[in-house]
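Working through the structure, step by step
Residue strings, one per chain:
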Amino acid sequence: MTTTTPGTAEVELAIGGMTCASCAARIEKKLNRMDGVEATVNYATEKARVTFREDVAVRELIATVEATGYTAREPAPPVQAETPGGEGGSAQEDDGLGPLRQRLVTAVTLAVPVIVMAMVPAAQFEYWQWLSLTLAAPVVTYAAWPFHRAAFTNARHGAATMDTLISVGTSAAFLWSLWALFFGTAGEPGMTHPFELTIARSDGAGNIYLEAAAGVTAFILAGRYFEARSKRKAGSALKALLELGAKDVTVLRADGSEHTVPTAELTVGDRFLVRPGEKIATDGIVVEGTSAVDASMLTGESVPVEVVTGDSVTGATINAGGRLVVEATRVGADTQLARMAQLVQDAQNGKAAAQRLADRISAVFVPVVIALALGTLGFWLGNGAGLTAAFTAAVAVLIIACPCALGLATPTALMVGTGRGAQLGILIKGPEVLESTRRVDTIVLDKTGTVTTGRMTLRAVHTADTTDEAEVLRLAGALEHSSEHPIARAVADAARSKLGSLPTPEDFANIPGLGVQGIVDGHAVLVGRERLLAEWAMELPADLEQAKSLAEAAGHTGITIAWDGEARAVLEIADAVKDTSGEAIDRLRALGLTPILLTGDNRAVADSVAREIGITPENVIAEVLPQDKVDVVKRLQSEGRTVAMAGDGVNDAAALAQADLGLAMGTGTDAAIEAGDLTLVRGDLRTAADAIRLARRTLTTIRTNLFWAFAYNVAALPLAAAGLLNPMIAGAAMAFSSVFVVGNSLRLRSFRATA
């Protein structure tokens, strides 16, 4: 629990027992009715964020939720919730999904033979109806229990949802089948469901609907299971962020001794050692040593930051150079990494809960169907048709309205759409993702790793008149090959790719903050900043000075090369733009999206990249801190835009979660991937356009499925109410609507990526 404005506090509650978006709305409504309470309930993350007066106890909030028919508790902090190795989190997920998986397996295993026997006259042996009852009973009772429990809870609070219709429909079908088997003529040996589509009034004594009860349960459970699996990942972004930090740290004691302790034991003022290649354990100030720190994961800066004594460093960044001694200034929840994790959590909880289409329609459809069934019963009783005929017609209304095709509408389209997406390198996390793709009009693109490769690359070699480019690469590459600096690796990689093997340098020395020097094939070579050459009384010729200035004006890094007492070349280093980024921008514009480039890099670098890919200067936002990326997305949303965000780094995770549609590059960090709604496996920005097209088409397919699923049922409802619906008509209507839904969904397999 946290304190916000004076006199108020805020708490986040973990909510259990929600089965649809209307459950979240009901809890939110009940909490907001409390005096001094403001609540937002998110169905996707199963959490409620509640702001309340300090005179309101948390237990009162929990009691209100429980009185509404759900469970509530204060969730444990993410770090405490995990057991070593993260096994606790997995176990918790398995505990939640295990019972649902068992019910699904039971339902599918037993329902398939029931459906086959009912729909295929050749499979109807002498006592087939009794075998159907034996197989269907566990499905309708054990497997469908979550629906019955939710329907009972809803009824206690005067509400009706999809669970209500599923429970009432399957129960009516099953109970009527029991009556027909034990008290009617359906239990007689040799009874069959003839393959007839005639419309005639019947007393229902020979009709059983076990295949409807079992089949609907199995289909709906399948949809719920896959939805639950996607919802379980809601907290994975936070876990991925927290796991970025160093697990252990080497602390320096007052007597000079070194002790390795868990990072959680660090306190403000502790001094700790960071060796080359290690992660910095927490935020602090360098008190000894110089190095280059790779902060690209957190800040988006593509160029490593040189740090010296007195400079600040951030936890979870990587020491790419020399030995550092750091004094801790912030630990635990105060660090920049922890604050970023909080930003991700806030963004996820603040995102509007996805209102599933089926639930929205069922809010009206369910009460109408129940009212129609009761009206049918009353009408036939009032017209002297007899109890059996009246009850047959009323039950027929409930059975034909039972949403078999409706249960298939979303999961089948999603299954085919996500399967096709996976073949194209696009991973769609769940149905709630699709709604926003239709409305997206702006796409914010992180620069480093999304538009660019995220790796420093040699872009050009500028040489003096008498110097050979190959010689520059050979000598500079040999020397830089001995350095761990990312810029040095870019030079060495380019030299190896062009020349193959490189000579081994002698007397190599790293000069902190300036560059490197050494002997290569008898030449005294210097590679680094212009100031390094100045210390050896060497000046750049005018043409090289101009080349360096132009490179830096374009946002690139200029590295000077000298040997044998003379400045010989300037190497132009930059984070290279991906070959496909320009084409991707054109495709996104063709979909009606406005591209905006967002980066933590300086303005010169950002403008250079924007020119290369065709983004106008007014759509470039540069020098943005990680925590400010969320604010940029919020500002665009406040202007009435529906915002997609594409990114790959930890610094993008909160913005990806805040955006209406988050597109994570699969080549990026786990935190970004988990916070995103769509993952682009190949890291090719062109796939973003394909992902949006596929998501929009999948959403259209779901909408079409839902329309026809209801259309078939609604068309048959008058026949059911008139008492003219025999078992084959009911079965055929349900089967045909299901076949249509599946067939329409399979059309998504023909989706093609833009060539």
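Everything numeric here is computed off the predicted structure, so don't read it as measured data.

1. A short note on the overall build of the protein
Within the protein, the secondary structure is distributed over 27 helices and 27 strands. Taking all 755 residues of the protein together, the buried fraction comes to 54%. The long-range fraction of contacts in the protein, counting pairs at least 24 apart against all pairs at least 6 apart in sequence, stands at 70%. Approximately 31500 Å² of the protein is accessible, and the part contributed by carbon and sulfur atoms is 56%.

2. Structural notes on the UniProt feature "transmembrane region" (unreviewed entry) in the protein
Those residues carrying the UniProt feature "transmembrane region" (unreviewed entry) are residues 104-121, 127-145, 165-186, 206-226, 361-381, 387-410, 706-722 and 728-746 in this numbering. Helix makes up 82% of residues 165-186 and strand 0%, whereas the separation of the span's terminal C-alpha atoms amounts to 25 Å. Annotated as residues 706-722, this span is 94% helix and 0% strand, and its ends, taken at the C-alpha atoms, are 25 Å apart.

3. Let's talk about the sheet that holds strand β26 (residues 661-665)
One open sheet accounts for seven strands, arranged β15-β27-β26-β25-β16-β23-β24; its pairing is mixed. The two strands at the open ends of the sheet, each matched to only one other strand, are β15 (426-428) and β24 (620-621).

4. Section: the pattern of salt bridges
For the structure shown, the criterion picks out 28 salt bridges. With a closest N to O distance of 3.5 Å, arginine 641 and glutamate 639 form a salt bridge. Relative accessible area serves as the criterion here: at 27%, arginine 641 is assigned to the partly exposed category. Residue classification places glutamate 639 among the partly exposed positions, given a relative accessible area of 44%. In this structure, the salt-bridge partner of aspartate 684 is arginine 686, at a minimum N-O distance of 2.9 Å. Look at aspartate 684 and you get buried, because its relative accessible area is 11%. On the basis of relative accessibility, which here comes to 23%, the residue arginine 686 falls in the partly exposed class.

5. Digging into the nonpolar core
Formed by 53 residues in total, the largest nonpolar core has its most connected members in Ile208, Leu210, Leu221, Val369 and Val397. Where this core is concerned, the elements lending two or more residues are α4 (87-119), α5 (128-143), α7 (162-182), α8 (210-231), α12 (357-382), α13 (387-401) and α26 (686-721). Looking at this core element by element, the count peaks at nine residues for α8. Listed in part, the 46 residues of the second largest apolar core include Ala413, Ile428, Ala606 and Leu694.

6. Some words on α5
Taking 1.5 Å as the rise per residue, α5 with 16 residues should run 22 Å; its terminal C-alpha atoms sit 22 Å apart, in good agreement. Considering bend angle alone, the principal kink of α5 is centred on alanine 136 and spans about 30°; proline proline 138 follows within four residues of it.

7. Examining helix α22 (residues 603-613)
Of all the positions in α22, only Val605, Ala606, Ser608, Val609, Ala610 and Ile613 are classed as buried. The inward-facing, buried residues of α22 abut α16 (447-451), β17 (452-463), β22 (566-577), α21 (581-590), β23 (594-598) and β24. Immediately downstream of α22, the backbone of glycine 614 shows phi near 90°, a positive value.

8. Observations regarding the side chain of aspartate 446
The residue aspartate 446 is located in strand β16 (residues 442-446) in this model. In terms of polar contacts, aspartate 446 uses its side chain to reach the side chain of lysine 629, at 3.0 Å. Setting aside chain neighbours within four positions, we find aspartate 446 in contact with Val451, Leu598, Lys629, Met645, Ala646, Gly647, Asp648, Asn651 and Asp652.

9. Side note on the packing of helix α17 (residues 469-480) against helix α18 (residues 486-499)
Packing of α17 against α18 leaves a shortest axis separation of 8 Å and a crossing angle of 130°. Accordingly, the angle class assigned to the pair α17 and α18 is oblique. Crossing geometry of α17 relative to α18 is assigned as left-handed. On the side of α17, the interface is formed by Glu469, Ala470, Leu473, Arg474, Ala476, Gly477 and Glu480, while α18 contributes Ala488, Val491, Ala492, Ala495, Lys498 and Leu499. Partitioning the contact of α17 with α18 into residue classes produces eight nonpolar, one polar and four charged.

10. Details of the sheet that holds strand β10 (residues 291-294)
The strand order across the open sheet formed by three strands is β11-β10-β13, and the pairing between neighbours is antiparallel. The sheet terminates laterally at β11 (305-307) and β13 (318-319), the two strands that pair on one side only. Relative to β11, β10 runs antiparallel, the two being bridged by three bridges. From the neighbouring strand, alanine 292 faces β11, where its bridge partner is glutamate 306.

11. With respect to a nonpolar patch on the surface
On the surface, a cluster of nonpolar side chains totalling about 280 Å² of accessible area is made up of Val108, Val112, Val116 and Val120. With respect to the helices and strands, valine 112 occurs in helix α4.

12. Points about the side chain of serine 167
Considering the arrangement of structural elements, one finds serine 167 in helix α7. Ignoring anything within four residues of it in the chain, the contact list for serine 167 reads Phe147, His148 and Ala151.

13. Overview of the pairing of β16
Taking burial as the measure, the five residues of β16 include five buried ones, the bulk of the element. Every second residue of β16 is oriented toward a common face, with Thr442, Val444 and Asp446 on one face and Ile443 and Leu445 on the other, all of them buried. Alignment of β16 against β23, held across five bridges, turns out to be parallel. Its bridge partner being in β23, threonine 442 is matched across the sheet by threonine 594. Of the pairings in the sheet, the one linking β16 to strand β25 (residues 643-647) comprises four bridges and is parallel in character. Within the sheet, the bridge partner assigned to isoleucine 443 lies in β25 and is alanine 644.

14. Topic: unusual backbone geometry
Unusually for a residue other than glycine, alanine 316 sits at a positive phi of about 80°. Checked against the element boundaries, alanine 316 lands in the loop between β12 (312-313) and β13. The exposure class assigned to alanine 316 is buried, which follows from its relative accessible area of 5%. Backbone geometry at aspartate 564 places phi at a positive 50°, although glycine is not the residue there. Structurally, aspartate 564 can be placed in the loop between β21 (557-563) and β22.

15. A closer look at the environment of phenylalanine 174
Mapped onto the elements, phenylalanine 174 comes out in helix α7. Expressed as a C-alpha distance, the spacing of phenylalanine 174 and threonine 141, which sit 33 residues apart in the sequence, is 9.7 Å. Non-local contacts of phenylalanine 174, meaning those with residues more than four positions away in its chain, are made with Leu133, Ala136, Ala137, Val140, Leu210 and Ala213.

16. As for the environment of lysine 634
Along the chain, lysine 634 falls in helix α23 (residues 626-638). Accessibility expressed as a relative area gives 43% for lysine 634, which makes it partly exposed. When the C-alpha positions of lysine 634 and alanine 655 are compared, they lie 8.8 Å apart, and in sequence the two are 21 residues distant.

Cut-offs used in this document
Residues numbered from 1 in each chain as written. Predicted model: local features only at pLDDT ≥ 70, side-chain atom pairs only at ≥ 80, totals over all residues. Heavy atoms only, no water. Helix = DSSP H or I, 4+ residues; strand = E, 2+ residues; numbered from the N terminus. Buried < 20%, exposed > 50% of the residue type's maximum accessible area, 1.4 Å probe, protein only. Contact = heavy atoms within 4.5 Å. Areas by Shrake-Rupley, 256 points an atom, 1.4 Å probe, with all protein chains shown as cover. UniProt positions renumbered as here; feature names shortened; annotations may be inferred. Pairing = 2+ DSSP bridges. Salt bridge = Lys/Arg side-chain N within 4 Å of Asp/Glu carboxyl O. Core = buried A, V, L, I, M, F, W, Y, C linked by side-chain atoms within 4.5 Å. Expected span 1.5 Å × (residues − 1). Bend = angle between axes of the 7 residues up to and from the residue. Polar contact = N/O pair within 3.5 Å; in protein donor to acceptor, adjacent residues only side chain to side chain. Axes fitted to C-alpha atoms, helices over the stretch in contact; angles between N-to-C directions. Parallel < 35°, antiparallel > 145°, perpendicular 65-115°, else oblique. Left-handed = near helix turned anticlockwise from the far one by under 90°. Nonpolar A, V, L, I, M, F, W, Y, C, P; charged D, E, K, R; others polar. Patch = residues over 30% accessible without salt bridge, like charges linked within 9 Å, V, L, I, M, F, W, Y side chains within 5 Å.

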